[in-house]
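Residues per chain are reported as follows:
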Amino acid sequence: MNIVIVKDYQELSQKSAEIVEDQILVKPDSVLGLATGSTPIGMYAELTEKYKAGLLSFENVKTFNLDEYCGLPTDNPQSYHYFMNQNLFSQVNIHPENTYLPNGNALVMEQERKAYDIKIAEAGGIDLQILGIGVDGHIGFNEPSDEFSKGTNVVELDKSTIEANSRFFEDKSQVPRTAITMGIESIMNARKILLLISGANKKEIAHLALQGEITPRVPASILQNHPDVTVIVDEDAWQLPV
Ligand code: GLP
């Protein structure tokens, strides 16, 4: 693991955008795995700037998002479809048909989860997977569990995740209780991974995930086994109190 400690959120956003930019410059038809949550918003803004400055094109890029809530219409501002449109897709020259998110409203979830894995495989697999991390160590929506999940799956969200994500909703009762997410194995299949960790509330989990025991109770800890992971972590999330 290559752990890069940066001063603050701004530097985290700039550095992560540079890594994505390099990926697209080296391989213009890259397949990117994308994340939501507040952490990557600054990175998406930086990528938008680079596109608008003519430094970067998404013309041939394909994207697969990690996850989506179950049961939220895609035009609900809290849905990840909406988030991605707002923060990236509507801002750059990516073709909508090249952007994929799991369908949290599929009639038959069993079919949807298999279909999503097949689409990723047909695209040639993910070149660069962006990840954030939940306070309980989840990646995508893979919550602490007795075993690491495999492909795309439907999950019950943990209390702490519902609590943490309720800040985006009017009240906690509106946070969906289930979600569809790429599995741990799908994430580990990515050729490169970029994990972003920001803010003092991630301090305990950052150390546990990156330096602690590899266990499905801390889903992100599995990343220690991946051959090509870069972690960008800001000082708030890394400095332990002296
Ligand atoms: C959600 C997403 C995760 C994200 C996490 C952390 O639960 N499913 O992909 O990493 O939130 O979000 P934040 O960056 O806002 O702390």
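Conventions used here
- Residues numbered from 1 in each chain as written.
- Predicted model: local features only at pLDDT ≥ 70, side-chain atom pairs only at ≥ 80, totals over all residues.
- Heavy atoms only, no water.
- Axes fitted to C-alpha atoms, helices over the stretch in contact; angles between N-to-C directions.
- Helix = DSSP H or I, 4+ residues; strand = E, 2+ residues; numbered from the N terminus.
- Parallel < 35°, antiparallel > 145°, perpendicular 65-115°, else oblique.
- Contact = heavy atoms within 4.5 Å.
- Nonpolar A, V, L, I, M, F, W, Y, C, P; charged D, E, K, R; others polar.
- Left-handed = near helix turned anticlockwise from the far one by under 90°.
- Pairing = 2+ DSSP bridges.
- Right-handed = clockwise from strand over helix to strand, strands pointing away.
- Buried < 20%, exposed > 50% of the residue type's maximum accessible area, 1.4 Å probe, protein only.
- 1 Å grid on protein atoms, 1.4 Å probe; cavity = no way out; pocket = protein on both sides within 12 Å on 5 of 7 lines; lining within 4 Å.
- Points joined across faces, edges and corners; volume = space filled by probe spheres on them.
- Near = heavy atom within 4 Å.
- Polar contact = N/O pair within 3.5 Å; in protein donor to acceptor, adjacent residues only side chain to side chain.
- Areas by Shrake-Rupley, 256 points an atom, 1.4 Å probe, with all protein chains shown as cover.
- Sits in = over half its atoms within 2 Å of the grid points.

1. Thoughts on the packing of helix α2 (residues 41-52) against helix α3 (residues 80-89)
Line of reasoning, step 1. Relative to each other, α2 and α3 sit at 40°, their axes nearing to 9 Å. Looking at the two axes, α2 sits oblique to α3. Judged by residue contacts, I41, Y44, L47 and T48 of α2 engage F83, M84, N87 and L88 from α3.
Line of reasoning, step 2. Residue classes in the contact of α2 with α3 are distributed as 6 nonpolar, 2 polar and no charged.

2. Observations regarding the packing of helix α1 (residues 9-26) against α2
Line of reasoning, step 1. Running from amino to carboxyl end, α1 crosses α2 at an angle of 55°, the nearest separation of the two axes being 8 Å. Here α1 lies oblique to α2, going by the angle between them. The crossing of α1 and α2 is right-handed. Taken together, the residues of α2 that come into contact with α1 (itself represented by Y9, S13, Q14, S16, A17, E18, V20 and E21) are I41, G42, M43, E46, L47 and K50.
Line of reasoning, step 2. Grouping the amino acids of the contact of α1 with α2 by side-chain chemistry returns 6 nonpolar, 4 polar and 4 charged.

3. Points about the pairing of strand β3 (residues 62-65)
Line of reasoning, step 1. With 4 bridges connecting them, strand β2 (residues 31-34) and β3 associate as parallel partners. In the sheet register, L32 faces β3, and the bridge partner there is T63.
Line of reasoning, step 2. Once the chain exits β2 it traverses α2 before rejoining the sheet at β3, and the crossover so formed is right-handed.
Line of reasoning, step 3. Two elements, β3 and strand β5 (residues 99-100), share 2 bridges in a ladder whose sense is parallel. Its bridge partner lying in β5, T63 is registered against T99.

4. Considering helix α7 (residues 203-211)
Line of reasoning, step 1. Looking only at α7, the buried set comprises K203, I205, A206, H207, A209 and L210.
Line of reasoning, step 2. Elements in contact with the buried residues of α7: β1 (2-6), β9 (192-197), β10 (229-234) and α8 (235-238).

5. Considering the layout of surface pockets
Empty space among the atoms becomes visible once a probe the size of a water molecule is rolled across them.
Line of reasoning, step 1. The computed volume of the largest pocket comes to approximately 580 Å³.
Line of reasoning, step 2. Around the largest pocket, the lining comprises 33 residues; the ones closest to its centre are T36, G37, S38, N165 and F168.
Line of reasoning, step 3. Secondary-structure elements contributing two or more residues to the lining of the largest pocket are β4 (67-69), α3 and α5 (159-165).
Line of reasoning, step 4. Looking at the lining of the largest pocket element by element, the count peaks at 4 residues for α5.
Line of reasoning, step 5. Counted by class, the lining of the largest pocket contains 14 nonpolar, 16 polar and 3 charged residues.
Line of reasoning, step 6. A volume near 180 Å³ is recorded for the second largest pocket.
Line of reasoning, step 7. In terms of lining residues, the second largest pocket is bounded by D117, I120, A121, G125, I126, K150, G151, E185, S186, N189, A190 and R191.
Line of reasoning, step 8. If you list the elements that add at least two residues to the lining of the second largest pocket, you get α4 (109-122) and α6 (184-188).

6. Comments concerning the sheet that holds β5
Line of reasoning, step 1. Read from one edge to the other, the open sheet built from 7 strands follows the order β1-β10-β9-β6-β2-β3-β5, with strand pairing classed as parallel. Every interior strand has two partners, whereas the edge strands, β1 and β5, have only one.
Line of reasoning, step 2. Sheet topology places β1 next to β10; 5 bridges connect them, and they run parallel. Counted as the bridge partner of I5 is V233 from β10.
Line of reasoning, step 3. Its contacts with the sheet place α1 against β1, β2, β6 (128-131), β9 and β10, and it is angled at close to 160° to β10.

7. Things to note about the site of the ligand
Line of reasoning, step 1. In the vicinity of the ligand, 13 residues are found, and the nearest of them are S38, T39, D67, R167 and K202.
Line of reasoning, step 2. S38 places a side-chain nitrogen or oxygen 2.6 Å from an oxygen atom of the ligand.
Line of reasoning, step 3. The separation between an oxygen atom of the ligand and a polar main-chain atom of I133 is 3.3 Å.
Line of reasoning, step 4. Expressed as a share of its isolated accessible area of 390 Å², the protein-covered part of the ligand is 95%.
Line of reasoning, step 5. Of the pockets mapped on this structure, the ligand occupies the largest pocket.
Line of reasoning, step 6. Grouping the constituent residues of the shell around the ligand by class yields 3 nonpolar, 7 polar and 3 charged.

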